[in-house]
Amino acid sequence: QVQLVESGGGLVQARGSLRLSCAASGSIFSINAMGWYRQAPGKQRELVAVKTTSGSTNYADSVKGRFTISRDNAENTVYLQMNSLKPEDTAVYYCNVAGVDYYTGEHLEFWGQGTLVTVSS
């Protein structure tokens, strides 16, 4: 069993910054990608940013130039640095990890519990 523990959410003023973190622990598997999704009130969950183990990165158009996704050297923690925050960034942010079981090759995916980010004007 893999567990993802998120932290870093909170209340922040517009134009401010927050840094989210997501730490993976538990069963060993080969991580291919770690990313962040968010769901605003009354909206569909959307991809915010994703980073693969090979180094490729992708961002939603709405956060390009403001958010940065990164992983630590151990590749078991993913961060989301959020700068120049806007009220429309308000949402619950979810960490996602995708990979492959070392022994069976089965594709695995896990989600964090979510952390609330509220941006006030």
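Being a predicted model, the structure only gives us computed values, none of them experimental.

**Concerning a nonpolar patch on the surface**
Part 1 of the argument: A grouping of Ile-28, Tyr-102 and Tyr-103 is seen on the molecular surface, where their side chains present a nonpolar patch of about 460 Å² in accessible area.
Part 2 of the argument: In this structure, Tyr-103 sits in the loop between strand E9 (91-100) and strand E10 (107-111).
Part 3 of the argument: For Tyr-103, a relative accessible area of 77% corresponds to the exposed category.

**Things to note about the state of the cysteines**
Here is the idea: a disulfide is a covalent bond, and it sits between the sulfur atoms of two cysteines.
Part 1 of the argument: Within the structure shown, the criterion is met by 1 disulfide.
Part 2 of the argument: Paired by a disulfide, Cys-22 and Cys-95 hold their sulfur atoms 2.1 Å apart. Measuring handedness by torsion sign, the sulfur bridge of Cys-22 and Cys-95 sits at about -85 degrees and is left-handed. Here Cys-95 lies in strand E9 and Cys-22 lies in strand E3 (residues 18-26), a separation of 73 residues in the sequence. The burial state of Cys-22 is the same as that of Cys-95; both residues are buried.

**Details of the side chain of Thr-77**
Part 1 of the argument: For Thr-77, the position within the fold is in strand E8 (residues 77-82).
Part 2 of the argument: Those residues within four positions of Thr-77 in sequence are excluded, and the remaining contacts are Cys-22, Ala-23, Met-34, Ser-70, Arg-71 and Asp-72.

Cut-offs and rules
- Residues numbered from 1 in each chain as written.
- Predicted model: local features only at pLDDT ≥ 70, side-chain atom pairs only at ≥ 80, totals over all residues.
- Heavy atoms only, no water.
- Patch = residues over 30% accessible without salt bridge, like charges linked within 9 Å, V, L, I, M, F, W, Y side chains within 5 Å.
- Areas by Shrake-Rupley, 256 points an atom, 1.4 Å probe, with all protein chains shown as cover.
- Salt bridge = Lys/Arg side-chain N within 4 Å of Asp/Glu carboxyl O.
- Helix = DSSP H or I, 4+ residues; strand = E, 2+ residues; numbered from the N terminus.
- Buried < 20%, exposed > 50% of the residue type's maximum accessible area, 1.4 Å probe, protein only.
- Disulfide = S-S within 2.5 Å.
- Contact = heavy atoms within 4.5 Å.

Coordinates in, geometry out; function isn't part of it.
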